[in-house]
Amino acid sequence: MQFDNMEEDLRQIHEASMQILEKTGMKFHHPEVTLLLEQKGITVSGQTAFFKREQIAEWVGKAPSCFTLYARNPRYDMVVGGEHVECCPGSGSPAIAGSDGSKRPATMNDYINFLKLYHQSDLYKCNGGFVVQPAELSGKYSIAMMLYATLCFSDKGIVTGTGSGEEVQALMDMLATVFGKEDLSRHARAITIVNTNTPLQFDKNMLETMLVFVKHSQPVIIAAASMAGTTAPVTLAGTIALTNAEVLAGIAVAQMLRAGTPVVYGSQSTTADMRTGSIAIGSPEGALCYEYAARLAKAYGLPCRGGGSLTDAKSLSVQAGYETMLTQLTTQRAGMNLMFQSSGIMDGYASMSYEKFIVDLEIIKMARRYLAGVAVNRDTLAVDVINEAGIAGQFLTAEHTMKHCRKEPFIPEISLRGTVTGEPTAKLLETIQSKKDKMLNTYQQPELPLEIQQQLVQYLAGKGFDKTYIESLQHM
């Protein structure tokens, strides 16, 4: 890692992170990892590792600045890093929120519906993971069943869940069935999020997930989700320094396991609401944390993940709109390479919303159009066109307007403009519902060879799932 050109605020944050790792250290709840750390010359006391700044620099410096996540369908191959900004699915919500704020438990049918919606959107090159947590999948190997559904309903890049080493190995077995063991060792085919346990810990399941992914040459996102004022200092600089320390320690371990393994610097850190102690993901403080995560990652030469279309709103409301636009625009402007939670998420990650999913697609496109800026050249300045129209002229029928009218202005799909017949809120919900229905009705399931599908069914049946239930997913 090179720090010569690091901006002063980032340099101070980095220095604070190094002091944290040197003095307090990071606790790793896994004997294989602590043994590895000792073998690599890291000072370890019990389960706590104390990193010198030179060690962090050495090991983090081995991580690639860019890599490609290869999809089953090559048109969705996704470059992670550099200036590439990609949308990724929502993750982790156990509930579905209605437009009025009502809630119900998420089901496997919801999981599959969201897989279809993400597959249909041209904003996404990846799919899967914990899009929602179906209530009927609460037991062991539930992440394997979610991967099966992802493989059946999408051929985009694969996001998976996390779990024990045994559960995550099942994911690798399934991926090897689809792509072949040799291909899996040579290509990044799936990515997952390994979260820290703030402050300054990695739990056993997260470390086992990392161990299995790195063993199979698959990329991991090392992410922290600190809450300023509860699990981290109330001041944002302290929260960002703590987040940075945790993430760098995790990346260093991934490189010790296998130098050059693709990793992503991740942060969903934000603030807590000091009145209630609850997380505040749609806050300006959260937006600042996402921005600093991207800046730090780029200073280290690492791909980054954070932000999204985040809100603490309980329903599709004005709050949902202004918080989502703040976090989405900030994340895009920061050049965040991977934006998970980029559509549908609500209520501090507690629920997913079909209606907000559709709205968020529009917000993402609006933010992209704004950040594209203004093209200034002889054609766009249109001096000849202005002179030809003259004083009190019009431009609607000009050839120049015909040439640019479909690419210069943003054309919304659901937003209401001009005269509206009927009650505006009801009309907006109608356009949202119409787009959602169209996406689901025009969905076409990508082909998964029957032989591979049967092998996956047999594998899951061997893990204790009912074969009839597995096969029924195809008809959801």
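Structure shown above.
All of the points below concern the structure found in this document.

What counts, and where the lines are drawn
- Residues numbered from 1 in each chain as written.
- Predicted model: local features only at pLDDT ≥ 70, side-chain atom pairs only at ≥ 80, totals over all residues.
- Heavy atoms only, no water.
- Buried < 20%, exposed > 50% of the residue type's maximum accessible area, 1.4 Å probe, protein only.
- Helix = DSSP H or I, 4+ residues; strand = E, 2+ residues; numbered from the N terminus.
- Pairing = 2+ DSSP bridges.
- Salt bridge = Lys/Arg side-chain N within 4 Å of Asp/Glu carboxyl O.
- Phe/Tyr/Trp six-rings, centres within 6.5 Å; stacked < 30°, edge-to-face > 60°.
- Lys NZ or Arg CZ within 6 Å of the ring centre and 35° of its normal.
- Contact = heavy atoms within 4.5 Å.
- Axes fitted to C-alpha atoms, helices over the stretch in contact; angles between N-to-C directions.
- Polar contact = N/O pair within 3.5 Å; in protein donor to acceptor, adjacent residues only side chain to side chain.
- Core = buried A, V, L, I, M, F, W, Y, C linked by side-chain atoms within 4.5 Å.

**Points about the pairing of strand β13 (residues 220–224)**
Reasoning step 1: Of all 5 residues making up β13, 5 are buried, and the element is well covered by its neighbours.
Reasoning step 2: Residues V220, I222 and A224 line one face of β13 and the alternating positions I221 and A223 line the opposite face, and both faces are buried.
Reasoning step 3: The pairing of strand β11 (residues 190–195) with β13 spans 4 bridges and is classified as parallel. Residue pairing across strands places N195 opposite A223, the latter belonging to β13.
Reasoning step 4: With 5 bridges joining them, β13 and strand β15 (residues 263–267) adopt parallel strand pairing.

**Looking at the pattern of salt bridges**
Reasoning step 1: Applying the stated criterion to the full structure yields 19 salt bridges.
Reasoning step 2: A salt bridge links R295 to E7; its shortest N-O distance comes to 3.3 Å. Residue R295 is located in helix α10 (residues 284–300), and its partner E7 is located in the segment before α1 (8–23); the two are separated by 288 residues in the primary sequence.
Reasoning step 3: E7 sits in the partly exposed class, given a relative accessible area of 48%.
Reasoning step 4: The partner of D9 in a salt bridge is R295, and the shortest N-O contact between them spans 2.9 Å. A residue pair is termed long-range when its members are at least 10 positions apart, and D9 in helix α1 and R295 in helix α10 qualify at 286 residues.
Reasoning step 5: One network of salt bridges, in which partners are shared, links E7, D9 and R295.

**Brief notes about the packing of aromatic side chains**
Reasoning step 1: One pass over the full model with this rule turns up 8 aromatic pairs.
Reasoning step 2: Ring geometry for Y118 and Y124: centres 4.8 Å apart, planes at 70°, overall edge-to-face.
Reasoning step 3: A residue is classified by how much of its surface remains accessible, and Y118, at 0% relative accessible area, is buried.
Reasoning step 4: Since its relative accessible area comes to 1%, Y124 is described here as buried.
Reasoning step 5: Put simply, the rings of F114, Y118, Y124, Y354 and F357 touch in pairs and so form one group of aromatic residues.
Reasoning step 6: In this structure, R295 packs its charged tip against the face of Y292, placed 4.8 Å from the ring centre.
Reasoning step 7: Residue placement shows K436 over the ring face of Y354; its charged tip is 4.4 Å from the ring centre.

**A look at the sheet that holds strand β1 (residues 26–28)**
Reasoning step 1: Taken in spatial order, the 4 strands of this open sheet run β2-β3-β1-β12, and their pairing is mixed. Every interior strand has two partners, whereas the edge strands, β2 (43–45) and β12 (201–202), have only one.
Reasoning step 2: Where helix α9 (residues 236–257) meets the sheet, it contacts β1 and β12, and its direction lies at approximately 45° from that of β1.

**Here's the deal with the sheet that holds strand β7 (residues 95–97)**
Reasoning step 1: On the basis of which strands lie adjacent, the open sheet formed by 4 strands has the order β8-β7-β21-β20 and mixed pairing. Bordering the open sheet on either side are β8 (103–105) and β20 (345–346), each of which pairs with just one other strand.

**Things to note about the side chain of D360**
Reasoning step 1: Looking at where D360 falls in the secondary structure, it is placed in helix α12 (residues 354–372).
Reasoning step 2: According to the relative accessible area criterion, D360 is buried, its value standing at 0%.
Reasoning step 3: In this structure the side chain of D360 is engaged in a polar contact, spanning 2.8 Å, whose partner is the backbone nitrogen of G344.

**Notes on the nonpolar core**
Reasoning step 1: With 124 residues, the main nonpolar core has F28, L37, F51, F114, Y148 and Y265 as its most contacted residues.
Reasoning step 2: In terms of residue count, α9 provides more of this core than any other element does, 13 residues in total.
Reasoning step 3: Core analysis: the second largest hydrophobic core is formed by 15 residues, F67, V159, I221 and A223 among them.

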